[in-house]
Amino acid sequence: MSHSSATAPSALGYEIQATGNVNSQAAIDRLPPELLVSIFQWVQWLYGWPHYPSFSRPREWSLFTWVSRHWRSVALSAPILWASIIHCHRNTEAKEDWLFAFLERASGAMLEIRIDFWEYSEATLRAIMMHANAIRSLALEVSPGPYSSTTNVDEVLRCFPSIMPVLEQLELSIPRDWRWNTTPEISFTRQQFPNLRRLRLWGYNFPWTSDLYTSLRSLSLAHIREPPTVTQLFQILQACPELEFLQLQRFDTDDDMELPDVSRPEADIPVSTLPKLSKLLFQGSLQTVSYVSDRLLVPSTCFKDVQITIPAAGQVDPITAILPRQRAFKPQITETSYLSLTFDDQALYLSFRKGRDAEAYFSIYGGFIHDPIMTPAAWTALLDTFDAAPLTEFHLRYTSLSVISPRMWHQLFARFPLLDHIAAGPTFSHHGGPMHTYGPLLEALQAQKERSGDLHGPRLRTFEMGAITVNEDVANALLSLVRTRASKGAPLQELVFRNSACEREVDRDAFVSKLTEYVKLKVYDSSCCSGYRDHDTLPCVAIISSFARVVSQLTSHPCLQLRARASPFGTPALA
């Protein structure tokens, strides 16, 4: 650190003299420059730079360059600190001097640049492109500014040089509300970007026949007005055999991707193998998703998030429509140990995974799904689809749980003899009333097989319930369940309550005490703020309103009509 002094007048009229002698004695100033630079990088990270910068003061981390001459000297001589350039006209000052300073200080480092042209600045882009040989990642969002609504995307693309030799990632995005000029007039080539590996296009695309779509490891296409045909898509996939990430979502067309003419066998598309694909995000119509998925072969460890748009009501059964029966999903099914089906408002969610590893996630959105019913045919189709799975855990979130008959539950236990965890209940904790009942499931768990007399689901150890209000009849039914299974050699080990409560008429302590003679009790409740909270007992319902009707149909089931007798802690008894 330099020891030269500097003077400045103070508000009191005295001269203040600052030298470097005091700071040079600080321990941090005796650190090697490399270690000090590492500390500065941690400061950047704490401020969210470069991935999550503050919108109001995105480069506030750079204030450490004004702490001392030594710190400033070290920081300005470390190109890695300035190699990430994030510029958004909407949220930062209009002046661009800082950007040019960053480019100068980053000399010699590989650049990561993300620019939002809210108001197009050709000078900015041309200044950036002077460093084209050092740009490794470039993301551009082209948006109309308040005074320049006629900016043409091609004006931006014309600023690109003839070659960017080290560019590995290119992103081009146009906001959804501004796509009046998305017809590509300028096309890039693979020769222009010889090292390009990741390509993300939102709202804009180059011609689908371009050789730019070759040798990619990541391809993201979304919000595109004229998507590729399915034939063109598979030509791209065949040209990217090492693809690791694929996103095809939210195409701005009613027709989705055009399918080949299935009446012509020669037009059919052969299976495409992507052995390194680790993540697939796919959104489309039922026909497109089914066709494409049945011609993709991917690893069983690939994460899949698929959203299917269902046609008009009555044309297909939404439950059977989401079943993963295509080629892309079959390898994962044979390893699936966890299966979950959730009925939501106008949507269905199906997820399955092997333990806590890769997960395939299916969802259906649309206004055509109104109160889908789990019919015996749909239930059988679900079981058939996962017949080869070594299933150990099954979750069903369904407000109309009563439509699942004891016979249907018995089919589940017979198909998957390794099941040791069942979770059932309504989708939302506030749902209750006559449509919600555990009666058929409780009956199925206590019923004996006709020939052997054994209970169904002999390996079942955890039974999880959601949003149930425990009155005396429910308490009796649950005690009967744990006692029956214990006496028949198929004991439960855990009884789990989620978002549940006891009515005041139930002696909660006595109920819990009797349960814990047979099972371990777990109680959770959740809120939008804190998530699930663990409790040591069931909370008591202070005011029972419409939620108390949760058990109305449950208590009317024949298997729950228990004989009353004297009870030491209230009437009727917990038999």
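Worth saying up front: this structure is predicted, and the values here are computed from it rather than measured.

Calculation notes
- Residue indices begin from 1 for each chain and proceed along its sequence in written order.
- For a predicted model such as this one, the threshold for reporting local features is a pLDDT of at least 70, and the threshold for listing and counting side-chain atom pairs is 80 or more; totals across whole chains, interfaces and linings nevertheless cover every residue.
- Derived side-chain values reflect all non-hydrogen atoms in the structure, with water molecules and hydrogen atoms excluded from consideration.
- The numbering of helices and of strands both runs from the N terminus, where a helix is a DSSP run of H or I of at least 4 residues and a strand a run of E of at least 2.
- Remark: exposure states derive from per-residue accessible area (1.4 Å probe, protein chains only) relative to the maximum for the residue type, with buried under 20%, exposed over 50%, and partly exposed in between.
- In what follows, a contact means two residues having at least one pair of non-hydrogen atoms within 4.5 Å.
- A pairing counts as a salt bridge when a side-chain nitrogen of Lys or Arg comes within 4 Å of a carboxyl oxygen of Asp or Glu.
- Note on scores: pLDDT gives the predictor's confidence for each residue, bounded by 0 and 100.
- Residues belong to one nonpolar core when they are buried, are Ala, Val, Leu, Ile, Met, Phe, Trp, Tyr or Cys, and are joined through side-chain atoms within 4.5 Å.
- For this analysis, a polar contact is any N or O atom pair within 3.5 Å, provided that within protein one partner can donate a hydrogen and the other can accept it, and provided that sequence-adjacent residues contribute only side-chain to side-chain pairs.
- Two aromatic rings from Phe, Tyr or Trp, using only the six-membered ring of Trp, form a pair when their centres are within 6.5 Å; if the ring planes differ by under 30 degrees the pair is stacked, by over 60 it is edge-to-face, and anything between is tilted.

## Let's talk about the overall build of the protein
Point 1. Broken down by element type, the protein carries 15 helices and 24 strands.
Point 2. Residues counted as buried form 50% of the 575 residues belonging to the protein.
Point 3. A separation threshold of at least 6 residues defines the contact pool for the protein, and within that pool the share at least 24 residues apart is 71%.

## Section: the pattern of salt bridges
Point 1. In total, this model carries 11 salt bridges according to the counting rule given.
Point 2. A salt bridge links lysine 276 to glutamate 242, with the nearest nitrogen and oxygen atoms 3.9 Å apart. One end of the pair, lysine 276, is in the loop between β10 (272-273) and β11 (279-285); the other, glutamate 242, is in the loop between α7 (230-238) and β9 (245-249), with 34 residues separating them in the sequence.
Point 3. Looking at lysine 276, the relative accessible area reads 45%, which means it is partly exposed.
Point 4. Across the pair aspartate 268 and arginine 295 runs a salt bridge whose closest N-O atoms are separated by 3.1 Å. Here aspartate 268, found in the loop between β9 and β10, pairs with arginine 295, found in the loop between α8 (286-293) and β12 (296-297); they are 27 residues apart in sequence, far enough to count as distant.
Point 5. Residue classification places aspartate 268 among the partly exposed residues on the basis of a relative accessible area of 40%.
Point 6. Note on arginine 295: relative accessible area 15%, which makes it buried.

## Quick word on the confidence of the model for the protein
Point 1. Across the protein, the average pLDDT comes to 78, with 74% of residues at 70 or higher.
Point 2. Under a pLDDT of 50 for its full length, residues 145-150 has, in the predicted model, 11 contacts with residues more than four places off or in other chains.
Point 3. In this model residues 431-435 is a low-confidence stretch, pLDDT under 50, and it forms 17 contacts with partners more than four residues away in sequence or in other chains.

## A word on the nonpolar core
Point 1. By size, the foremost hydrophobic cluster in this structure holds 86 residues, and its most contacted members are Leu138 and Phe160.
Point 2. Looking at this core, the element that brings in the most residues is α7, giving 5 residues.
Point 3. Apart from the residues lying within four places of it in its own chain, the contact partners of phenylalanine 160 are Met129, Leu138, Leu140, Leu170, Phe188, Gln192 and Phe193.
Point 4. In terms of nonpolar packing, the next biggest core, distinct from the first, is built from 60 residues, Ala381, Leu419, Ala444 and Leu521 among them.

## Section: unusual backbone geometry
Point 1. The residue serine 215 is not glycine, and still its phi comes out positive at about 55°.
Point 2. As for its placement among the helices and strands, serine 215 is situated in the loop between β7 (198-202) and β8 (218-222).
Point 3. Residue classification places serine 215 among the partly exposed residues on the basis of a relative accessible area of 43%.
Point 4. Notably, alanine 467 is not glycine yet its phi reads approximately 55°, a positive angle.
Point 5. Judged by relative accessible area, alanine 467 falls into the buried class, the value being 2%.

## Brief notes about the side chain of threonine 65
Point 1. For threonine 65, the location among the structural elements is in the loop between α2 (33-46) and α3 (69-76).
Point 2. The exposure class assigned to threonine 65 is buried, which follows from its relative accessible area of 4%.
Point 3. Side-chain polar atoms of threonine 65 contact the side chain of tryptophan 66, separated by 3.5 Å.
Point 4. Among the polar contacts listed, one links the side chain of threonine 65 to the side chain of arginine 72, at a separation of 3.4 Å.

## Observations concerning the packing of aromatic side chains
Point 1. The full count for this structure, using the stated rule, is 15 aromatic pairs.
Point 2. Taking the centre distance of 5.0 Å and the plane angle of 40° together, the rings of phenylalanine 188 and phenylalanine 206 count as tilted. Taken together, the positions of phenylalanine 188 in the loop between β6 (169-173) and β7 and phenylalanine 206 in the loop between β7 and β8 put the pair 18 residues apart, joining distant regions of the chain.
Point 3. Judged by relative accessible area, phenylalanine 188 falls into the buried class, the value being 2%.
Point 4. On the basis of relative accessibility, which here comes to 1%, the residue phenylalanine 206 falls in the buried class.
Point 5. Grouping aromatic residues by their ring pairs yields a cluster made of Phe160, Phe188, Phe193, Tyr204 and Phe206.

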